[in-house]
Amino acid sequence: MNSHLVEVSDYNAAGYAPVVDFQTWRVAILNYIDELETELIDNFQCHLETDEVFVLLEGKCILFCADTTQGKLGKIVATNMQAGKIYNIKQGVYHTHTLSQDGKVLIVENQDTNDRNSPKITVSGDIQQQLSQLKAQLWGS
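Now for a description of the structure that goes with this document. (Residues numbered from 1 in each chain as written. Predicted model: local features only at pLDDT ≥ 70, side-chain atom pairs only at ≥ 80, totals over all residues. Heavy atoms only, no water.)

1. Describing the overall build of the chain
Short version of the rule: Only DSSP runs of H or I covering at least 4 residues are called helices, and only runs of E covering at least 2 are called strands; the numbering of each starts at the N terminus. Here the radius of gyration uses the C-alpha set of atoms, whereas the globule reference equals 2.2 Å times the residue count to the power 0.38.
When helices and strands are tallied, the chain shows one helix and ten strands. Listed by position from the N terminus, the elements making up the chain come as β-β-β-β-β-β-β-β-β-β-α. The C-alpha radius of gyration computed for the chain amounts to 15 Å, which stays within 12% of the reference 14 Å derived for 141 residues, consistent with globular compactness. Projecting the C-alpha coordinates of the chain onto the three principal axes gives extents of approximately 50 × 35 × 25 Å.

Next up, the structure:
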């Protein structure tokens, strides 16, 4: 293949990795990682300056989004992603996700998305339990 015409990228290790950065945008891959098991999720994050797009490529993924009031998570909504559909998490919406062990998600975000403009809310065992219950409702057991 002509590498000066087409750049081919992939990422198969656990977790998140940017695979293409260009000007102001980034494409990344998120693969299953233990820390995104519902009982281990320790935070929800939001992006203050941008939306973030997710596309399920393989396996399963649940997007968890939550309203916030005075810096605390409110009602959590669980969305069981369908492969090939585009999920746009709006700017300022707190979210996290869990993946099946064969899960792979494509992420499109601003290249400068980082801890400075992506605050987190730490979650307690009660929230982790709620996430586990939502996962069981969507995926069984």
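2. So, the sheet that holds strand S4 (residues 52-58)
This is how the line gets drawn: A strand pair is defined by DSSP finding two or more bridges across the two strands. To get an axis, fit a line to the C-alpha atoms, keeping to the stretch in contact for a helix; angles then go from 0 to 180 degrees between the N-to-C directions.
Taking strand neighbours across the sheet as the criterion, the five strands line up as S1-S2-S9-S4-S7 in an open arrangement whose pairing is antiparallel. The sheet is open, and its two edges are formed by strand S1 (15-22) and strand S7 (86-89), each paired on a single side. The mean inter-strand angle of the sheet, taken between neighbouring strand axes irrespective of direction, is 25 degrees. Judged from the four bridges that link them, S4 and S7 form a sheet pairing that is antiparallel. What sits directly across from Phe54, in S7, is Tyr87.

3. Brief notes about the side chain of Glu52
Put simply, the rule reads: Polar contacts, as used here, are pairs of N or O atoms within 3.5 Å; protein pairs need one atom able to donate a hydrogen and one able to accept it. Residues neighboring in sequence count only if both atoms are side-chain atoms. A contact between two residues is defined here by any heavy atoms of the two lying within 4.5 Å.
Its location among the elements puts Glu52 in strand S4. At a separation of 2.6 Å, a polar atom in the side chain of Glu52 contacts the side chain of His47. Look past the residues within four positions of Glu52 in its chain and what remains in contact with it is His47, Tyr87, Asn88, Ile89, His95, Ile107, Val108 and Glu109.

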